[in-house]
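# Structural features, examined
What follows is each chain in one-letter form.
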Amino acid sequence: MKVEKILPFTRNLLSKAVKNGDFVVDATVGNGYDTLFLAELVGESGRVFGFDVQEQAILATQERLKQHGFLDRVSIFHTGHEILGKMIPAEYHGRITGAVFNLGYLPKSDKSIFTRPETTLAAIEQMFSIMAPEGIIVLVIYHGFPEGAVERDALLSYCQQIDQKTAHVLKYQFINQQNNPPFIIAIEKI
Ligand code: SAM
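Counting from 1, residues in each chain are numbered in the order their sequence is written. Local features are withheld for residues below a pLDDT of 70 in this predicted model, meaning they are given only at 70 or higher, and side-chain atom pairs are given and counted only at 80 or more; totals for whole chains, interfaces and linings count all residues. Derived side-chain values reflect all non-hydrogen atoms in the structure, with water molecules and hydrogen atoms excluded from consideration.

This brings us to the overall build of the chain. Segments assigned H or I by DSSP are reported as helices when at least four residues long, segments assigned E as strands when at least two residues long, and all are numbered from the N terminus. If you tally the helices and strands in the chain, you get six helices and seven strands. Taken from the N to the C terminus, the helices and strands of the chain come in the order α-β-α-β-α-β-α-β-α-β-α-β-β. Computed over C-alpha atoms, the radius of gyration of the chain comes to 15 Å, within 12% of the 16 Å expected from 2.2 N^0.38 for 190 residues, which places it in the range of a compact globule. Across its three principal axes, the chain shows a C-alpha extent of roughly 40 × 40 × 35 Å. When we talk radius of gyration, it's over C-alpha atoms, and the globule rule is simply 2.2 Å times the number of residues to the 0.38.

Spelled out as C-alpha cells, the structure:
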C-alpha cells in the first residue's frame, strides 16, 4: 500500500513541523507510544509535555520512556488536557511546534473513560494559542462508538469554521473502509 495509513501520516506531519530541541505536546499519553515518538523527535535538548486523566496511562508511559532512557525529556501531568495552557509553563508559550491528540479511549482498558467534545475543544483552543507559527496540531479521531461520533461531529464543525487566515486545516480519511476507522484533522498555525 503506497497511500499512507493514519499512524504514519500522523507521524510524518509531526516530523515535518518538529525538529531537534523543540517543545511539543502529547495531549493524551495513553500507553505512551506517541509520547515515545515525540521524545525521540525532540532529542535530548527538547521537551515533551504529556497529559492523561488515568494513572494507569501515566505509569505505562513512564515505564515505556524509562526503558528508552527518555524520562528526563518529558513532563507528564496527571490531569485533563483542558487545563494545558495553565500547566505548561509560560516560558514555552508561543514556542510549541507540534501536538497530538489521539482521542477516544485507551485500548484494553476502562472504556468509560474517553475524551469528550467540551474538554477536547477547550484544549485545542488553548493549544492553538500557545503554538509557534507553522506548528501543527494533529487530531486522531476515533468515531466507531457512539460518544466518539458525537466528538467527531463537534470537532468537524469547530475545525471547519477556523479562519483560513489563521490556520491551514486538513482532513485525511479513508472513505471506503468499513467500521468507521480513525481519521485525522491537522491544524497548522499560520
Ligand atoms: N496516544 C496514546 C498512545 O500512544 O498509546 C493513546 C491515547 S488513548 C486513544 C486516549 C487517552 O485519552 C486515554 O488514555 C484516556 O485516559 C485519555 N483521556 C481521556 N480524557 C482526557 C482528558 N480530558 N485529558 C487528557 N487525557 C484524556
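Don't stop here, the text continues.
Not every one of the 21 residues close to the ligand is listed here, only the nearest: Asn31, Asp34, Asp52, Gln54 and His81. For this analysis, a polar contact is any N or O atom pair within 3.5 Å, provided that within protein one partner can donate a hydrogen and the other can accept it, and provided that sequence-adjacent residues contribute only side-chain to side-chain pairs. Within the backbone of Thr28, one N or O atom sits 2.9 Å away from a nitrogen atom of the ligand. Here an oxygen atom of the ligand and a backbone polar atom of Tyr33 are 3.2 Å apart. Where accessible areas are quoted, they stem from the Shrake-Rupley method and a 1.4 Å probe; at the residue level, only the protein chains shown are allowed to cover. For the ligand, the accessible surface in isolation is 600 Å², of which the surrounding protein chains cover 94%. Class assignment for the residues of the shell around the ligand results in eight nonpolar, 10 polar and three charged. We define proximity as follows: a residue is near a molecule or strand when any one of its heavy atoms falls within 4 Å of that partner. Each residue gets one of three labels, nonpolar for Ala, Val, Leu, Ile, Met, Phe, Trp, Tyr, Cys and Pro, charged for Asp, Glu, Lys and Arg, and polar for the others, Gly among them.

Here we take up the sheet that holds strand β1 (residues 23-26). Pairing between the strands of a sheet comes from backbone hydrogen bonds, and it takes one of two forms, parallel or antiparallel. Strands pair, by our definition, only if DSSP identifies at least two bridges between them. An order of β3-β2-β1-β4-β5-β7-β6 is seen for the seven strands of this open sheet, with the pairing classed as mixed. In the strand order of this sheet, the two ends are held by β3 (74-77) and β6 (167-172), each with one partner. For this sheet, the mean angle separating the axes of adjacent strands, direction not counted, is 15 degrees. Pairing of β1 with strand β4 (residues 96-102) involves four bridges; the strand directions are parallel. Pairing of Val24 across the sheet is with Gly98, part of β4. In the packing of helix α1 (residues 6-17) onto the sheet, contacts are made with β4, β5 (131-141), β6 and β7 (183-189), and the angle to β5 comes to roughly 170 degrees. The contact criterion used throughout is that any non-hydrogen atoms of two residues lie within 4.5 Å. Axes here mean lines fitted to C-alpha atoms, for a helix over just the part in contact, with angles spanning 0 to 180 degrees between N-to-C directions. Seen against the sheet, helix α2 (residues 33-42) touches β1, β2 (47-51), β3 and β4 and runs at an angle of roughly 175 degrees to β1.

Any carboxyl oxygen of Asp or Glu that lies within 4 Å of a side-chain nitrogen of Lys or Arg is treated as forming a salt bridge with it. Following the criterion strictly, the structure yields three salt bridges and no others. Note that Asp34 is salt-bridged to Arg11, the shortest N-O span being 3.5 Å. Within this pair, whereas Asp34 is found in helix α2, its partner Arg11 is found in helix α1, the two being separated by 23 residues in sequence. Of the residues examined, Arg11 reaches a relative accessible area of 23% and is grouped as partly exposed. Residue Arg152 is joined to Asp153 by a salt bridge in which the shortest nitrogen-to-oxygen separation is 2.9 Å. Only protein chains enter the calculation, and the probe is 1.4 Å; a residue is then buried if its accessible area is under 20% of its type maximum, exposed if over 50%, and partly exposed in between. Residue classification places Asp153 among the partly exposed positions, given a relative accessible area of 41%.

This next bit is on the nonpolar core. Buried Ala, Val, Leu, Ile, Met, Phe, Trp, Tyr and Cys residues that are joined via side-chain atoms within 4.5 Å together make up what is termed a nonpolar core. Ranked by internal contacts, the top residues of the largest apolar core, which has 32 residues, are Val25, Ile88, Ile96, Phe101, Met127, Leu139 and Ile187. In this structure, Leu36, Phe37, Val100 and Phe174 belong to the second largest nonpolar core, which totals 25 residues.

Turning to the pairing of β1, a few remarks are in order. The alternating pattern of β1 places Phe23 and Val25 on one face and Val24 and Asp26 on the opposite face, and all of these are buried. Of the pairings in the sheet, the one linking β1 to β2 comprises four bridges and is parallel in character. Paired with Val25 across the strands is Phe49, a residue of β2. For a crossover, the right-handed case is the one in which the path from the first strand over the helix to the second runs clockwise, viewed with the strands pointing away from the viewer. Handedness of the crossover joining β1 and β2 through α2 is recorded here as right-handed.

Geometry only, nothing functional implied.
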